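In case you want the letters, here they are:
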Amino acid sequence: MHATTSAKKQKEFIDKLQAEIGVLQKRIGKDESAEAIVSRHINLLHRYNEAKDATQLLIGRLATLKETTVRQIHTDMDLLDDQ
C-alpha cells in the first residue's frame, strides 16, 4: 500500500521549500553561486591542510631533536585531538 499525499499538501510543501530557498539565497548573497562557494571552501581546506602538514613536519623534527615522540610533543604543547 502506498501513502498518498493530497495536492494541497504537496503545494504547501513546495511553497515551504521555496521559501526556505529564498531565505538561504539571501544568506549567501543574491549573486553568489553555490559552485563559487564550494570552490572557495575547497581552496581554504587545501590551504588549511598544507599548513597542518607543515606544522606536523616541524613537530616531527622537534621530536627528533628532543629525542622524544611526536605524541609526547603533542602532549607537551596541549595539541591532543579532542575526539
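Read on for a plain summary of the structure.

Parameters and conventions
- Residues numbered from 1 in each chain as written.
- Predicted model: local features only at pLDDT ≥ 70, side-chain atom pairs only at ≥ 80, totals over all residues.
- Heavy atoms only, no water.
- Patch = residues over 30% accessible without salt bridge, like charges linked within 9 Å, V, L, I, M, F, W, Y side chains within 5 Å.
- Areas by Shrake-Rupley, 256 points an atom, 1.4 Å probe, with all protein chains shown as cover.
- Salt bridge = Lys/Arg side-chain N within 4 Å of Asp/Glu carboxyl O.
- Helix = DSSP H or I, 4+ residues; strand = E, 2+ residues; numbered from the N terminus.
- Buried < 20%, exposed > 50% of the residue type's maximum accessible area, 1.4 Å probe, protein only.

1. Looking at a nonpolar patch on the surface
Moving on, step 1. Residues Phe-13, Ile-14 and Leu-17 make up a contiguous nonpolar surface patch of about 280 Å² in total accessible area.
Moving on, step 2. For Ile-14, the position within the fold is in helix α1 (residues 7-28).
Moving on, step 3. On the basis of relative accessible area, Ile-14 is assigned to the partly exposed category, the value being 44%.

2. Here we look at unusual backbone geometry
Phi is mostly negative for residues that are not glycine, and the peptide bonds are mostly trans.
Moving on, step 1. Phi at Glu-67 takes a positive value of approximately 55 degrees, unusual for a residue other than glycine.
Moving on, step 2. Here Glu-67 shows up in the loop between α2 (34-65) and α3 (70-76).
Moving on, step 3. Since its relative accessible area comes to 74%, Glu-67 is described here as exposed.
Moving on, step 4. Positive phi is not limited to glycine here, since Asp-78 has a value of about 55 degrees.
Moving on, step 5. Among the secondary structure elements, Asp-78 is positioned in the segment after α3.
Moving on, step 6. The exposure class assigned to Asp-78 is exposed, which follows from its relative accessible area of 67%.

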